[in-house]
Amino acid sequence: MMGPSHALSGAAAWLAGSWALAQFAGVSQSPLEVAVGTAVCAGGALLPDLDMSGKVTRNQGGATVARTFGVASLFVAEVVEKFSLGVYTATKLSRDPRRDNGHRTFTHTLPFCALIGWGTTALATAYGKWAVVGIVFFMAGLALRGLFDEWAERAGWVIVTLASAFIAWFTAANLPGDRGYPLLGLAVAIGCVVHILGDMITKNGVPILWPIPINRRMWRMVGIPNSMAVKVGGKVEVVVLRTAFTIISLLSIAGLFVPGVLERLNLDVWASR
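Scoring rules and cut-offs
Residues numbered from 1 in each chain as written. Predicted model: local features only at pLDDT ≥ 70, side-chain atom pairs only at ≥ 80, totals over all residues. Heavy atoms only, no water. Helix = DSSP H or I, 4+ residues; strand = E, 2+ residues; numbered from the N terminus. Contact = heavy atoms within 4.5 Å. Disulfide = S-S within 2.5 Å. 1 Å grid on protein atoms, 1.4 Å probe; cavity = no way out; pocket = protein on both sides within 12 Å on 5 of 7 lines; lining within 4 Å. Points joined across faces, edges and corners; volume = space filled by probe spheres on them. Nonpolar A, V, L, I, M, F, W, Y, C, P; charged D, E, K, R; others polar. Buried < 20%, exposed > 50% of the residue type's maximum accessible area, 1.4 Å probe, protein only. Core = buried A, V, L, I, M, F, W, Y, C linked by side-chain atoms within 4.5 Å. Axes fitted to C-alpha atoms, helices over the stretch in contact; angles between N-to-C directions. Parallel < 35°, antiparallel > 145°, perpendicular 65-115°, else oblique. Left-handed = near helix turned anticlockwise from the far one by under 90°. Salt bridge = Lys/Arg side-chain N within 4 Å of Asp/Glu carboxyl O. UniProt positions renumbered as here; feature names shortened; annotations may be inferred. Phe/Tyr/Trp six-rings, centres within 6.5 Å; stacked < 30°, edge-to-face > 60°.

Description of the environment of threonine 171
Piece 1. Locating threonine 171 in the fold gives a position in helix H6 (residues 157-174).
Piece 2. Between the C-alpha atom of threonine 171 and that of valine 79, which follows or precedes it by 92 residues, the distance is 29 Å.
Piece 3. Setting aside residues no more than four positions away along its own chain, threonine 171 makes contact with Val36 and Val136.

Some details on the state of the cysteines
Two cysteines joined by a covalent bond between their sulfur atoms form a disulfide.
Piece 1. Under the counting rule described, the total for this entry stands at 0 disulfides.
Piece 2. Cysteine 113 takes part in no disulfide bond, and the closest cysteine sulfur to it belongs to cysteine 192, at a distance of 4.9 Å.

Some points on the layout of surface pockets
Piece 1. Estimated volume of the largest pocket: approximately 340 Å³.
Piece 2. Lining the largest pocket are 21 residues, and of these Met1, Met2, Gly3, Asp49 and Met52 lie nearest its centre.
Piece 3. Of all elements in the fold, only helix H1 (3-24) and helix H4 (110-147) reach the threshold of two or more residues within the lining of the largest pocket.
Piece 4. When the residues that make up the lining of the largest pocket are grouped by side-chain class, the tally is 9 nonpolar, 6 polar and 6 charged.

Here we look at unusual backbone geometry
Piece 1. A cis amide bond, omega 10°, links tryptophan 210 with the succeeding residue proline 211.
Piece 2. Positionally, proline 211 belongs in the loop between helix H7 (183-200) and helix H8 (235-272).
Piece 3. In this structure, asparagine 204 is a non-glycine residue whose phi angle is positive, near 85°.
Piece 4. Relative to the helices and strands, asparagine 204 resides in the loop between H7 and H8.
Piece 5. Look at asparagine 204 and you get exposed, because its relative accessible area is 61%.
Piece 6. Look at arginine 216: it is not a glycine, yet its phi comes out positive at around 60°.
Piece 7. Considering the arrangement of structural elements, one finds arginine 216 in the loop between H7 and H8.

Some remarks on the nonpolar core
General note: in soluble globular proteins, nonpolar side chains tend to be found buried as a group.
Piece 1. By size, the foremost hydrophobic cluster in this structure holds 41 residues, and its most contacted members are Val36, Val40, Leu47, Met139, Leu184 and Trp219.
Piece 2. Secondary-structure elements contributing two or more residues to this core are H1, helix H2 (31-44), helix H3 (71-91), H4 and H7.
Piece 3. Per element, the largest residue contribution to this core is 9 residues, and it comes from H4.
Piece 4. Sequence-distant contacts of leucine 184, defined by excluding residues within four places in its chain, comprise Val36, Val40, Thr120, Val132 and Ile135.
Piece 5. Met1, Leu8, Val230 and Phe245 belong to the second largest nonpolar core, which has 6 residues in total.

Some points on the packing of H1 against H2
Piece 1. For the pair H1 and H2, the least separation of the axes is 7 Å and the interaxial angle reads 140°. Relative to H2, the element H1 lies oblique. Remark: the crossing between H1 and H2 carries right-handed chirality. On H2, the residues that touch Ala7, Gly10, Ala11, Trp14 and Leu15 of H1 are Val34, Gly37, Thr38, Cys41 and Ala42.

Points about the pattern of salt bridges
Piece 1. Following the criterion strictly, the structure yields 7 salt bridges and no others.
Piece 2. In this structure, the salt-bridge partner of lysine 82 is glutamate 78, at a minimum N-O distance of 2.8 Å. One end of the pair is lysine 82 and the other is glutamate 78, both in helix H3 and 4 residues apart, which spans about a single turn.
Piece 3. When its relative accessible area of 46% is taken as the criterion, lysine 82 is described as partly exposed.
Piece 4. For glutamate 237, the salt bridge identified is with arginine 242, shortest N-O distance 3.8 Å.
Piece 5. We classify arginine 242 as buried; its relative accessible area is 17%.
Piece 6. A cluster of three or more residues bridged by salt bridges with shared partners is formed by Arg67, Arg145 and Glu153.

What to know about the UniProt feature "transmembrane region" (unreviewed entry) in the protein chain
Piece 1. Annotation from UniProt places "transmembrane region" (unreviewed entry) at residues 105-124, 130-148, 155-175, 181-198 and 239-262.
Piece 2. Between the C-alpha atoms that bound residues 105-124 the distance is 27 Å, and the span itself is 75% helix and 0% strand.
Piece 3. The annotated region residues 181-198 carries 89% helix and 0% strand content, and the separation between its end C-alpha atoms amounts to 27 Å.

Considerations on the packing of aromatic side chains
Piece 1. Tallied over the entire structure, the rule returns 10 aromatic pairs.
Piece 2. Seen in terms of ring centroids, tryptophan 210 and tryptophan 219 are 4.9 Å apart; in terms of plane orientation they differ by 25°. Their pairing is stacked.
Piece 3. Take tryptophan 219: its relative accessible area is 2%, and that puts it in the buried class.
Piece 4. An aromatic cluster is built from Phe83, Tyr88, Phe106, Phe112, Trp210 and Trp219, whose rings are joined through pairwise contacts.

So, in structure tokens, the structure goes:
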């Protein structure tokens, strides 16, 4: 799937999950907390594609998300891609094909999702507000690149970086500093899982069963049959799936905040009588 679809799916997943937690478990979040979690989950839904590197010195190529922060993020993508290829090469079995790049390998596995989620939570818990600001800065940049792809392409990485810095500053200025926000790790992990599920319905699939060896293969690609696969950039993805993700997001936002707004309006009406 393309970047905007991945980002939208991450946002929809977090908003729907936040509504479900509020509705059935009594877990309430402030509007800012919901917004931050949504941005982080949308960014997390693009994170696995940092394994598609480009030409760092020319600031060209690679996945769209890899160009979020210009040469800096392209360099990160280069490191991630080479690391993923190294993991593939070190763990492949006799029937796994030889590869010369690491795309759709380690970062498209459930252990990666768990590891990056745990690492984010550990960082936020250990270092508190300032770690949260750094996480929000990076993830907000990925989210902006995905959710507003055409704008980000026109504006360039400098504007995206400045917008991410403003979001991080606003977060620092308004979120209480006495909490570690461990849900950020969950948001990142859920975003990565949603990304993997999205790639499973396109051609080639993902190695979601890694590291379970099956028939002398460690990196078996799992997905739906190619005849049923969603075409990347096709009408099903761009029209059907993105519309569905948008509707889920809007309904979840309404479910989260409309009852509170209506209750406040009723109280104001009674108070004025």
